[in-house]
Amino acid sequence: MAWWKAWVEQEGVTVKGSSHFNPDPDAENLYKAMKGIGTNEQVIIDVLTKRSNIQRQQIAKSFKAQYGKDLTETLKSELSGKFERLIVALMYPPYRYEAKELHDAMKGSRDDVSSFVDPGLALQDAQDLYAAGEKIRGTDEMKFITILCTRSATHLMRVFEEYEKIANKSIEDSIKSETHGSLEEAMLTVVKCTRNLHSYFAERLYYALKGAGTRDGTLIRNIVSRSEIDLNLIKSHFKKMYGRTLSSMITGDTSGDYKNALLNLVGSDP
């Protein structure tokens, strides 16, 4: 399980699935939408963006049983471009999608299922981080990676507080001065997620949409992966931080079926 799932709150979910779900008619509707010449993209949007991931997996099984075809492969053959990329992303089981997207530096066994923090261990970790960086010439990067990638978020919050007392600077400033490149970026991402997860994802979405062009990979990844976790909460932070709604920026930066599918996943404005 991804480490941030300790934060799951039902109110944050934008895609809750169908309360009267039956995979067989959904599979049939998808088959008809892709049968013959042309594709009914609206049917695909209406079915797949309004079902939970578990329900999508059941639809895929029904599709295979009824028609002998793999649903994801059929979607790939019928769709194209950014819309195809989004719809295919929806068909991944969450654990496979997360495994594909997570940076190696953020892997490891985490213990976030508990909110208990051992003050002694937090202090020791803070001292170890200081000893591995600011206190020596060079940096013990493995010590940083081990602590940042195997401790719970609640524990790390305490570590960061203790570290600032010891080093007289924030953990972010130390990471910036002691590391560089992709390692620096990965470590800063862990810290940012720990401090405020929803603001982190709001920022990612904003910069995916800001300026000329759209970073569609970032946009798709964050909306798909958070839609059944906390996207409503991210939307609220987005509006507070940037004075605009996420849906308004999506509307201005995307078009067609791709836009409609994204807006369905994002849901109504906060």
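The structure we're discussing is the one just above.
Undergrad: Break down the overall build of the chain for me, citing the residues and quoting the values.
TA: Across its full length, the chain carries 16 helices and zero strands. Contacts in the chain between residues far apart in sequence, at least 24 positions, make up 73% of those at least 6 positions apart. As displayed, the chain has an accessible area near 13400 Å², and 48% of this comes from carbon and sulfur atoms.

Undergrad: Now, about the side chain of Thr-74: what can you tell me, with residues and values included?
TA: Here Thr-74 is to be found in helix α4 (residues 71-78). With residues near it in sequence (within four places) discarded, Thr-74 still touches Met-34, Phe-63 and Lys-69.

Undergrad: Pulling in residues and values, what's your account of the pattern of salt bridges?
TA: Opposite charge on two side chains lets them pair, provided their charged atoms get close. All told, the structure shown has eleven salt bridges when counted by the stated rule. One salt bridge connects Lys-165 with Glu-162, and the closest N-O pair in it is separated by 3.9 Å. On the criterion of helical spacing, the pair formed by Lys-165 and Glu-162 is a turn pair, its members being three residues apart in helix α9 (residues 153-167). On the basis of relative accessible area, Glu-162 is assigned to the buried category, the value being 11%. Here Asp-230 makes a salt bridge to Arg-226, at a shortest N to O gap of 2.9 Å.

Undergrad: Run through the packing of aromatic side chains, naming residues and quoting values.
TA: To describe a pair of aromatic rings, you give the distance between the ring centres and the angle between the ring planes. A complete count under the given rule lists eight aromatic pairs for this structure. Considering the side-chain rings of Tyr-200 and Phe-201, the 5.0 Å spacing of their centres and the 70° angle between planes classify their relative orientation as edge-to-face. The buried category is assigned to Phe-201, whose relative accessible area is 6%. One aromatic cluster is present, built from ring pairs that chain together Tyr-206, Tyr-207, Phe-238 and Tyr-242.

Undergrad: Run through the nonpolar core, naming residues and quoting values.
TA: With 46 residues, the main nonpolar core has Leu-30, Ile-44, Leu-71, Leu-75 and Ile-223 as its most contacted residues. In terms of residues, this core owes the most to one element, helix α12 (residues 197-209), which gives eight residues. Core analysis: the next-biggest nonpolar cluster, separate from the first, contains 18 residues, Ala-122, Ala-132, Ile-147 and Leu-156 among them.

Undergrad: So what about unusual backbone geometry? Which residues, and what values?
TA: Despite not being glycine, Asn-168 has its phi angle at roughly 60°, a positive value. Relative to the helices and strands, Asn-168 resides in the loop between α9 and α10 (171-178).

Undergrad: Give me the packing of helix α15 (residues 246-253) against helix α16 (residues 256-266): which residues, what numbers.
TA: It is at 10 Å that the axes of α15 and α16 come closest, and there the two elements cross at 175°. Accordingly, the angle class assigned to the pair α15 and α16 is roughly antiparallel. Only Lys-259, Leu-262, Leu-263 and Val-266 of α16 make contact with α15, whose side of the interface consists of Leu-246, Ser-247, Ile-250 and Thr-251. Considering only residue class, the contact of α15 with α16 consists of five nonpolar, two polar and one charged.

Undergrad: Any chance you could break down the environment of Lys-64 for me, citing the residues and the numbers?
TA: Topologically, Lys-64 is positioned in helix α3 (residues 53-67). In this structure the C-alpha to C-alpha distance between Lys-64 and Ala-27, which are 37 residues apart in sequence, comes to 8.8 Å.

Undergrad: Now, about the environment of Val-159: what can you tell me, with residues and values included?
TA: Structurally, the position occupied by Val-159 is in helix α9. Classification of Val-159 as buried rests on a relative accessible area of 0%. With 32 residues separating them in the primary sequence, Val-159 and Gln-127 have C-alpha atoms 8.9 Å apart. Not counting chain neighbours up to four residues away, the residues in contact with Val-159 comprise Ala-122, Asp-125, Ala-126 and Leu-129.

Cut-offs and rules
Residues numbered from 1 in each chain as written. Predicted model: local features only at pLDDT ≥ 70, side-chain atom pairs only at ≥ 80, totals over all residues. Heavy atoms only, no water. Helix = DSSP H or I, 4+ residues; strand = E, 2+ residues; numbered from the N terminus. Contact = heavy atoms within 4.5 Å. Areas by Shrake-Rupley, 256 points an atom, 1.4 Å probe, with all protein chains shown as cover. Salt bridge = Lys/Arg side-chain N within 4 Å of Asp/Glu carboxyl O. Buried < 20%, exposed > 50% of the residue type's maximum accessible area, 1.4 Å probe, protein only. Phe/Tyr/Trp six-rings, centres within 6.5 Å; stacked < 30°, edge-to-face > 60°. Core = buried A, V, L, I, M, F, W, Y, C linked by side-chain atoms within 4.5 Å. Axes fitted to C-alpha atoms, helices over the stretch in contact; angles between N-to-C directions. Parallel < 35°, antiparallel > 145°, perpendicular 65-115°, else oblique. Nonpolar A, V, L, I, M, F, W, Y, C, P; charged D, E, K, R; others polar.

Everything listed is a geometric property; what it means functionally is a separate question.
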